[in-house]
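As a plain string of letters, each chain reads:
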Amino acid sequence: MSIVQLHHIRKVYDTKVAVEDLSFTIEPGTMFGLLGPNGSGKTSSIRMMIGITVPDSGSVSLFDRPFTRSVLGRVGYLPEERGLYKKMNVLDQLVFLGQLHGLSASVASRRASLWCERLDIVEAIPKKTEDLSKGMQQKIQFIAALLHDPDLILMDEPFSGLDPVNVFLLMNTLVDLCSIGKAVLFSTHRMDQVEKFCNSIALIHRGHLILSGSMREIKSSYPRNRVLIHFEGDDSFLHHPGIELLKRYNGHAEIKLRPSPTLADDAQSLLAQAIAHARVTRFEVMEPTLEEIFIEKVQQTLPTRNGGELSMAQLDQPNGGGLDA
Amino acid sequence: MHNVWLIARREYVERIRTRGFLITTLIIPLIMGGFIFGGAYLGSKSGSGAHIAIVSSDTRLALDLQTELQQPPDSLPHSASQPRIAVDAIHLAPQSAQATRSLLDRQLDSGRLDGYLWIAPADTPANAQPTRPTFTFTPRSSEQDSLRSTLAAALGAVLLRRQLAQRGILASDADSLLQPVDILAASAPHRQDRESAEVSITLLFVLMYMVIALYGMNVARSIIEEKTSRIFEVMLATIRPEEMMAGKILGVGSVGLTQVGIWLSAALLLSASSIASSLGSQGVHIALTAAQIVFFFVYFILGYAFYSSIAAALGAMTNSEHEVQQLNLFLVLPLFVCFLTLKSVLTYPDSAMARVLALIPPFTPLLMYLRVSLGHPTHAEIVASILLTSASIYAIVWVTSRIYRVGVLMYGKRPNLPELLRWLKYS
């Protein structure tokens, strides 16, 4: 059984193609990362999953059946554009949203209190929404999406604007839900978050799916040609012939090794040289990061204008942030 | 349906609870009451106790006029309601004319006098027939201008009596000659109906206009609020835009009805109480049949729902309160057009024009109600009017929900007409 099944969906707004030929599946108990820069079609795809908009072509199945509005009671949705009734008291608001999802007032009220305890915002319960901080409002909305115990949880950029402590708290909550069999999809342009938590991903760029599958499979299909080295002292070992690309930072370097059948040996000889010249505090050989994979894939599928190296910063719209946080 | 109820209830409860609701509920009747009672008070004050001076070299004429003004013949039936006028008669000595005039002017300024009548003797040659003197009335302000006609009538009577006396007619005979003719007002058999219908249609119009002006925009505002707070996306993930629109109209609408209900019952209580009668207001007796009352409510609610749903459409099309204010015209204009045709429908409630207009939804609530009260619409026409209006409310809500759904998902500028039409095709 799969919770979500997108089959070649396509959506065009006037002249702009938002989503083109997108297909993927989400299984129960999966933490699914929907990745892509801003404006790549993440929100449009999520909206089509829950019938806010209807795809121009292709089909959407939820819980193994073609989409109908009757399943919406089993879906929890946190939109990217947060919104709550500002003047409304927090508990009333949660109860109201719970009732819209089919809960009775008493059940909704009990669960709302429990969730507020769990997310550490009990003091917010009697307050008006507009009196809360932005982070607290976001948590309230997070609760609103989960109050009716949905089987499919869709979170559009759930952690944007939150401090690390709260990101950790919400992320762990999602992981817990995942472990009891709920399917969680969250969209983000933060590759590091996905790398840490997701076991399945879909990468989209300009409405096109460019990579999807389980995290482990994707990673293992790439050679371990990245080296991270922290060191003190002489850096002449960085002229090693096996190095294709080098980024020097203060006290450490990121290295991409030249593709060769003896990749593992190259890494070892690099380490030997480094030890001979400098004091090494850390040396790690790894697969490319998700960000690097993404950039590589985009360069392969879509010719870029300047032909140069593409970075997340270029893909993002101005306030995107990318990986630099 | 459950969702519509939830939305409507939230909207209603949240709005009723606000301080704004309490304040408008109290303040508006106070202001209106203030106008009515204040106006009545001022009216009673300026109507009675006018104080004027009559300046004349002909002392007899001045005294006669004083008597005439201060003691209107009690044979006149409306004498009781005539304002009593205090009159000072001042003898005019030719040498002190200037001084007298400036003294009177000062008294006018200080408010001790409401006006003075200056009677200047005509310059007549000694042997010629005496001509009338010239009469000049100087009121303190234009408000006292009405005194002029009272003065003219009194002067006319005094001069006529004097001439009659010169021709040897006894004063008592003169009085009976001068007896005015009274025409008593009698009522035509259906006059009462017409009057009460006119009163109730005016009431309906004022209520509808007021409620739409006050609350129609609230529906639009509430929809815009949903857009700016961006909560719509959570809502649309669970409910249909139609349900949302219907809930908004019902919820915000009921707030308006509640407030009007409070005002109306307060007004009824007030008019039944002694306060109103002690003010001597000519109480309007609205003699309505039960059917008329039922139709009043039916058409009021239909009209209210119709205009609210138009307001909802305006709200769905726009992104800010400022924009929706510019479109307010669309809300008030049909009502105003309706008001323009009111007179002719009132006179000929069963004319072809009235029959057609009363079936056009924006006009139905007022005009059909008028026809029901005064004319003889067929049962089919009444049923058709109710069905047509209900159907158009449904259609407006449907179209609005389409505009809303697409509009909120495509943020930004106000759509133009082709875009709106295209949106209707989207789902």
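In this report, the structure presented in the accompanying data block is examined. (Residues numbered from 1 in each chain as written. Chains lettered and ligands numbered in written order. Predicted model: local features only at pLDDT ≥ 70, side-chain atom pairs only at ≥ 80, totals over all residues.)

### Points about the interface of chain A and chain B
Let me state the cut-off plainly: What counts as a contact here is a pair of residues whose C-beta atoms, placed from the backbone, lie within 7 Å. To qualify as a helix, a DSSP run of H or I must reach at least 4 residues; to qualify as a strand, a run of E must reach at least 2; elements of each kind are numbered from the N terminus. Amino acids outside the nonpolar list (Ala, Val, Leu, Ile, Met, Phe, Trp, Tyr, Cys, Pro) and the charged list (Asp, Glu, Lys, Arg) are all regarded as polar, and Gly is one of them.
Of the residues lining the interface, 22 residues belong to chain A; the matching set on chain B comes to 17 residues. Per-element tally for the side of chain A that touches chain B: the top contributor is helix α2 (residues 90-100) of chain A, with four residues. Each residue belonging to the side of chain A that touches chain B can be placed in one class, and the counts come to 14 nonpolar, four polar and four charged.

### Points about helix α4 (residues 97-110) of chain B
Applicable threshold: The span expected for a helix works out to 1.5 Å for each residue beyond the first.
Along its 14 residues, α4 of chain B runs 20 Å from first to last C-alpha, staying within 8% of the 20 Å computed at 1.5 Å per residue. In the stretch just after α4 of chain B, G111 of chain B is the one whose phi turns positive, near 90°.

### Here we look at the environment of Q193 of chain A
All names here are of chain A. Spelled out, the test is: Buried residues are those with 20 or more other C-beta atoms within 10 Å of their own C-beta, exposed residues have 12 or fewer, and partly exposed residues lie in between; C-beta atoms are placed from the backbone.
Position of Q193 relative to the elements: it lies in helix α6 (residues 191-197). Residue Q193 is classed as partly exposed on the basis of its C-beta count, with 19 C-beta atoms lying within 10 Å. Counting along the chain gives 34 residues from Q193 to F159, while the straight-line C-alpha distance between them is 9.4 Å. The contact partners of Q193, leaving out residues within four places of it in the chain, are F159 and T188.

### Digging into the sheet that holds strand β9 (residues 200-205) of chain A
The pairing of strands in a sheet happens through backbone hydrogen bonds and is either parallel or antiparallel. Residue and element names in this part refer to chain A. Selection criterion: Any two strands are treated as partners once DSSP identifies two or more bridges connecting them. Between N-to-C directions, angles cover 0 to 180 degrees, with each direction set by a line fitted to C-alpha atoms, over the stretch in contact for helices.
Strand order in the open sheet made by the six strands is β6-β7-β8-β3-β9-β10, with mixed pairing throughout. Each end of this open sheet is capped by a strand with a single partner; those strands are β6 (75-78) and β10 (208-214). In this sheet, neighbouring strand axes are inclined to one another by 15° on average, regardless of whether the strands run parallel or antiparallel. In this structure, β9 lies alongside β10, joined through six bridges in antiparallel fashion. When the bridges of β10 are listed, H205 appears paired with H208.

### Regarding the pairing of strand β4 (residues 57-62) of chain A
All names here are of chain A. In the sheet, strand β1 (residues 4-13) pairs with β4 via five bridges, with the strands oriented antiparallel. When the sheet's bridge partners are listed, V4 is paired in β4 with L62. Bridging between β4 and strand β5 (residues 65-66) involves two bridges; their strand directions are antiparallel. In the strand pairing of β5, S61 is matched with P66. Counted between consecutive antiparallel strands, the loop separating β4 from β5 contains two residues, among which F63 sits at a positive phi close to 50°.

### Section: the packing of α2 of chain A against helix α3 (residues 105-118) of chain A
Residue and element names in this part refer to chain A. Our working definition: Note on terminology: angles under 35 degrees are roughly parallel, angles over 145 are roughly antiparallel, angles of 65 to 115 are roughly perpendicular, and the others are oblique. Left-handed describes a crossing whose near helix is turned anticlockwise from the far helix through less than a right angle; right-handed describes the clockwise counterpart.
Running from N to C, α2 and α3 point in directions that differ by 125°, and their axes come no closer than 8 Å. Of the possible angle classes, the one that applies to α2 and α3 is oblique. Two packed elements cross with a definite hand, and for α2 against α3 that hand is right-handed. Between α2 and α3, the residues in contact are L91, L94, V95, G98 and Q99 and A105, A108, S109, R111 and A112, respectively. Grouping the amino acids of the contact of α2 with α3 by side-chain chemistry returns six nonpolar, three polar and one charged.

### Considering the sheet that holds strand β4 (residues 134-139) of chain B
Residue and element names in this part refer to chain B. Taken together, the four strands give an open sheet; going across it, the order is β2-β1-β3-β4, and neighbouring strands pair in mixed fashion. Of all strands in the sheet, those bounded by a partner on one side alone are β2 (85-91) and β4. Sheet twist, expressed as the average angle between the axes of neighbouring strands with direction ignored, equals 20°. In the packing of helix α5 (residues 146-166) onto the sheet, the strands contacted are β1 (50-56), β3 (115-120) and β4, and the crossing angle to β4 comes to about 150°.

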